[in-house]
Amino acid sequence: MAHTPLRLLLFFGIILVSKISIFAQSPQQTLRGQVIDAVVQKALPNANVLLEGTTLGTTTDDNGKFRFENLPVGRYRLRISFVGYDTLVVPEILLESGRETVLNLPLHIAYTTLSELSITAAPLEVESLNPSVRSISNETTLRFPGVFFDPARTASALPGVVNTNDQANFLSVRGNTPNANLWRLEGVDILNPNHTPNAGSQSDLPTFTGGGVNMLSTQMLGNAAFLTGDYAAGYGNALGGIFDMRLRTGNNEQREYTLQASLLGLDGALEGPIGKKGGASYLINGRYSTLGLLSNLGVDVGGEAIGFKDLAFNLVFPFAKGGKFTVFGMGGNSSNIFTGDRDSTKWEFDKDRQDIDFESSTQVLGGTLRLPVGKNGMWNTSFAYSGYQSTRIQTYFTGAGPTLGDQIRQYRRSIHSYFYSKPNPRQTLKWGIIYNTGEIIQPYTSTKFDFGHFEWELGLHYIHLLNVEKPSKGSISNFEPRINLAYRIADNKKLTLSFGAFSQRPILPTIANQPGAVALVKSQQSSIGLQIQTSPSTSLEFQAYYQKQTSVAILPYSFQMLSSNFVNERIPVLLSTSSVSEVLTTDGEARNYGLEINLRRYLEKGFYFLANSSIYHSEYRNNSSLYKQTFGNNDWRSSRFDGRYVFNVTAGKEWRKERKAGKVKLWGINGRVIALGNLPQTPIDVTLSEKNGITVPLATAITGNERSDPAFSLNSSTYYRLDTRLYFKWNKAGRNNTFALDIQNATNQENSGFFYYDHLQKQVLEKKQLGIIPILSYRVEF
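Trainee: Hey, could you go over the overall build of the protein for me, with residue numbers and the actual values?
Mentor: Scanning the protein from N- to C-terminus turns up six helices and 44 strands. Taken over 782 residues, the protein has a buried fraction of 58%. Once local pairs closer than 6 in sequence are excluded, the contacts in the protein between residues at least 24 apart make up 65%. For the protein, the accessible surface area stands at approximately 30900 Å², while carbon and sulfur atoms represent 57% of it.

Written out as structure tokens, the structure is:
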């Protein structure tokens with residue numbers, strides 16, 4: 001195993017040398033793709049395809065396919081139009097000499113002669129009238145600074161999204177806990193697809209929706225959808241964000257290779273056709289990573305040996321009339337090992353006299369089947385098995401404290417099947433069902449009407465928990481009506497309204513996993529938004545939202561916050577020694593409300609930016625009678641994720657040079673500035689922490705004869721961070737190269753992480769977030 005990276009480098013090196021000898025021409029490449037109906041997924045022949053800013057254009061063939069050959073490498077902007085459909089403009093297309101650019105372009109029907117102009121760098125088959133559906137392209141993840149090639153970290157640049165810790169991709173969306181989020185792959189629910197899921201958590205225990213880095217390499221991902229709220233029917237069991245990841249289809253005409261080496265490790269991909277005819281293809285990617293190189297450079301990673309490896313694949317078999325069958329999978333494991341110093345004179349913190357071993361592994365295996373039904377219908381089915389295992393052992397090798405162990409085993413078998421149809425030119429219909437074996441069943445239906453200036457989408461989603469007893473309070477099922485409305489004020493302005501009911505099965509601690517403890521957390525969400533297309537490349541959005549959650553699970557007389565790996569982290573819960581196995585009640589409620597402003601310019605003439613701000617509140621209250629008796633009130637209070645505001649500005653500039661024939665150079669500089677209000681924390685109970693050998697949050701604050709709830713009353717400093725990315729690209733015939741330097745926290749800002757009780761120093765200490773992290777990388781495609 002130790003020689004695996006060397007063998008991988010040798011393999012790709014041999015292929016690279018052979019490719020270089022074959023090609024000796026000017027850097028040109030092919031841009032091709034297919035134009036399809038977004039609903040029924042069928043080809044659209046005779047669609048017009050134009051390369052804006054050039055005289056080049058073509059029409060699609062009988063299979064909806066188009067092709068531009070021998071194009072000079074560089075940036076392009078594509079315009080696709082077809083009678084009866086909205087015009088689609090795709091900016092930021094990067095054509096490089098080492099790999100063909102192959103696009104799948106879904107067009108949405110224009111129900112009247114008022115065809116709408118849709119501008120997006122990542123066209124989605126998912127259609128929604130709500131601007132809360134955001135798209136993330138593969139190229140964006142490779143370009144944005146400080147994201148470590150992780151699409152989840154890329155999402156933190158979107159409005160309403162906060163990454164709660166530098167070490168991981170724990171995303172708080174509109175003030176919700178990260179465990180209110182949901183992961184999907186190819187349209188089906190899966191377990192947490194992230195390496196080192198304990199990274200950055202205060203307890204060092206694994207979380208269920210985040211981790212150090214996503215298991216899927218950027219090479220594997222196509223255009224992904226990230227939903228921040230007010231989802232259409234067909235999405236359920238989530239209250240925060242939903243990451244709907246889609247896999248990229250491998251090249252079905254020629255074999256291509258990608259190799260990337262960085263301070264994070266090695267990353268290699270291989271893709272090509274399966275057979276000579278039929279259009280089938282494969283895409284395989286493997287990664288081997290260790291942070292040892294960063295440690296050797298003096299970068300502080302906590303003295304831990306962190307590493308991961310993974311393998312993923314996607315096999316695609318298309319057939320007639322838009323049908324398709326795919327098989328996909330991924331598997332990987334990660335480890336985080338800390339070995340204490342045996343020399344007691346060097347101990348500075350309690351951790352220095354401990355050995356901590358954490359290991360995790362995840363597996364996903366699934367497939368999709370898409371079948372045409374009649375002239376205007378398409379049946380889609382996605383299915384997947386996902387498994388997760390982790391083990392953590394914490395030992396005081398001096399015998400100064402207890403040995404702690406934690407083991408988690410999770411398995412999920414999921415299926416999502418739906419039928420999409422167009423019964424008439426103005427309407428689409430969708431019926432579907434989501435089934436997680438032994439957990440949840442969710443049937444749904446939705447319909448969309450378009451009357452030109454006015455569009456509306458109605459949906460009904462139903463969720464029912466399986467294999468649980470009905471709780472004394474709350475419910476295990478919920479009918480969830482949803483409506484999205486859009487009114488086109490002018491050609492470049494649109495007003496949106498959304499209302500809906502949502503719910504989620506909470507992730508509960510082991511001590512509460514007993515009959516009567518499980519009930520759905522319910523939410524009512526609404527929003528109003530305004531979208532303005534100020535120019536062909538620039539848009540401005542405003543959106544105000546309100547969310548109210550009820551039936552939030554709490555222990556009736558607890559005021560201590562649960563660990564970050566539980567969905568109800570926002571509600572303080574008392575883990576009292578006299579009632580540690582108490583059955584949960586559903587007396588908690590929460591609310592989030594805020595305003596988001598988003599200004600975006602797609603990359604045009606070498607310049608782009610994404611600037612947004614979110615002003616918001618995230619609050620809760622405990623309605624249990626015991627809480628009221630203890631504190632005399634149950635006022636609304638800040639939750640753990642009540643940062644109040646977040647400002648993001650991401651921008652970049654690109655320069656193109658071609659000083660001599662056969663070689664094209666591209667320089668780029670990107671930067672991102674983040675300013676985030678403090679995320680409240682709970683003070684530490686020094687006495688109980690010392691007595692119990694673990695950090696214990698303060699349950700009750702006593703001033704004179706009065707008691708008060710101290711939960712989330714401790715404010716830290718405002719969070720600031722500057723990330724930068726410098727890159728240099730050069731294209732030669734047959735291959736393209738990228739050399740980049742990514743720097744997270746370029747100013748080495750000391751941002752607050754969390755507070756904990758150190759049993760060696762016998763005092764409360766503050767754990768800082770990551771300092772400066774430089775990532776040097778080299779990438780070649782051929």
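Trainee: Break down the sheet that holds strand β1 (residues 28–37) for me, with residues and values.
Mentor: The three strands are arranged β4-β1-β7 in an open sheet whose pairing can be described as mixed. Of all the strands in the sheet, the pair left with one neighbour each is β4 (65–72) and β7 (101–107). Strand-to-strand twist of the sheet, defined as the mean angle between neighbouring strand axes without regard to direction, takes the value 20°. Taken together, the six bridges between β1 and β4 define a ladder with antiparallel strand orientation. Note on β4: the bridge partner recorded for Gln34 is Lys65.

Trainee: Describe the pairing of strand β29 (residues 477–490), naming the residues involved and giving the relevant values.
Mentor: Note: strand β28 (residues 454–465) against β29, 11 bridges, orientation antiparallel. Paired with His461 across the two strands is Glu480, which belongs to β29. Judged from the eight bridges that link them, β29 and strand β30 (residues 493–504) form a sheet pairing that is antiparallel. Looking across to β30, one finds that Ile483 is bridged to Phe499. Between the antiparallel neighbours β29 and β30 lie two residues.

Trainee: Describe in detail a nonpolar patch on the surface, supporting the description with residues and values.
Mentor: Side chains of Phe317, Phe319, Phe325, Phe383, Ile415 and Tyr435 sit close together on the surface and give an oily, nonpolar patch of about 480 Å² of accessible area. Structurally, Phe383 is set in strand β24 (residues 377–396). For Phe383, a relative accessible area of 35% puts it in the partly exposed group.

Trainee: Quick rundown of the environment of Val133? Include the residues and the values.
Mentor: By the secondary structure assignment, Val133 is in strand β9 (residues 133–136). You can call Val133 partly exposed: its relative accessible area is 21%. Sequence separation between Val133 and Tyr231 is 98 residues, and the spatial gap between their C-alpha atoms is 8.0 Å.

Trainee: Could you give an account of the nonpolar core, with specific residues and numbers?
Mentor: Judged by nonpolar contacts, the single largest core of 32 residues is most densely connected at Leu185, Ile190, Leu216, Phe226, Phe243 and Met245. Of all elements in the fold, only α3 (151–155), β11 (171–173), β12 (182–185), β16 (224–227), β17 (242–245), β22 (324–339) and β34 (607–622) reach the threshold of two or more residues within this core. In this view, Leu216 contacts Leu185, Leu221, Met245, Leu247, Arg287, Ala312 and Met330; residues no more than four positions away in its chain are not counted. Grouped together as the second largest cluster of nonpolar side chains are 21 residues, Leu51, Ile93, Leu95 and Leu103 included.

Trainee: Give a detailed account of the sheet that holds β17, specifying residues and quantitative values.
Mentor: One open sheet accounts for five strands, arranged β9-β16-β17-β12-β13; its pairing is mixed. Each edge of the open sheet is held by one strand with a lone partner, namely β9 and β13 (188–189). Relative to β17, β12 is paired through four bridges, and the arrangement is parallel. The partner of Leu182 across the bridge, within β17, is Ile242.

Trainee: Summarise the pairing of β24; cite the residues concerned and give the values.
Mentor: Most of β24 sits inside the fold, with 14 of its 20 residues counted as buried. Where strand β23 (residues 354–373) hands over to β24, the hairpin turn is made up of three residues, of which Gly374 adopts a positive phi near 65°. Two strands pair when backbone bridges link them, and β24 and strand β25 (residues 404–424) are joined in this way by 18 bridges, in the antiparallel orientation. Within β25, the position partnered with Trp379 by the bridge is Phe419.

Trainee: Just give me the short version of the side chain of Asp709, but keep the residues and values in it.
Mentor: Locating Asp709 in the fold gives a position in the loop between β39 (706–708) and β40 (719–732). With relative accessibility at 8%, the residue Asp709 sits in the buried group. There is a polar contact of 2.6 Å between the side chain of Asp709 and the side chain of Tyr627.

Conventions used here
- Residues numbered from 1 in each chain as written.
- Predicted model: local features only at pLDDT ≥ 70, side-chain atom pairs only at ≥ 80, totals over all residues.
- Heavy atoms only, no water.
- Helix = DSSP H or I, 4+ residues; strand = E, 2+ residues; numbered from the N terminus.
- Buried < 20%, exposed > 50% of the residue type's maximum accessible area, 1.4 Å probe, protein only.
- Contact = heavy atoms within 4.5 Å.
- Areas by Shrake-Rupley, 256 points an atom, 1.4 Å probe, with all protein chains shown as cover.
- Pairing = 2+ DSSP bridges.
- Axes fitted to C-alpha atoms, helices over the stretch in contact; angles between N-to-C directions.
- Patch = residues over 30% accessible without salt bridge, like charges linked within 9 Å, V, L, I, M, F, W, Y side chains within 5 Å.
- Salt bridge = Lys/Arg side-chain N within 4 Å of Asp/Glu carboxyl O.
- Core = buried A, V, L, I, M, F, W, Y, C linked by side-chain atoms within 4.5 Å.
- Polar contact = N/O pair within 3.5 Å; in protein donor to acceptor, adjacent residues only side chain to side chain.

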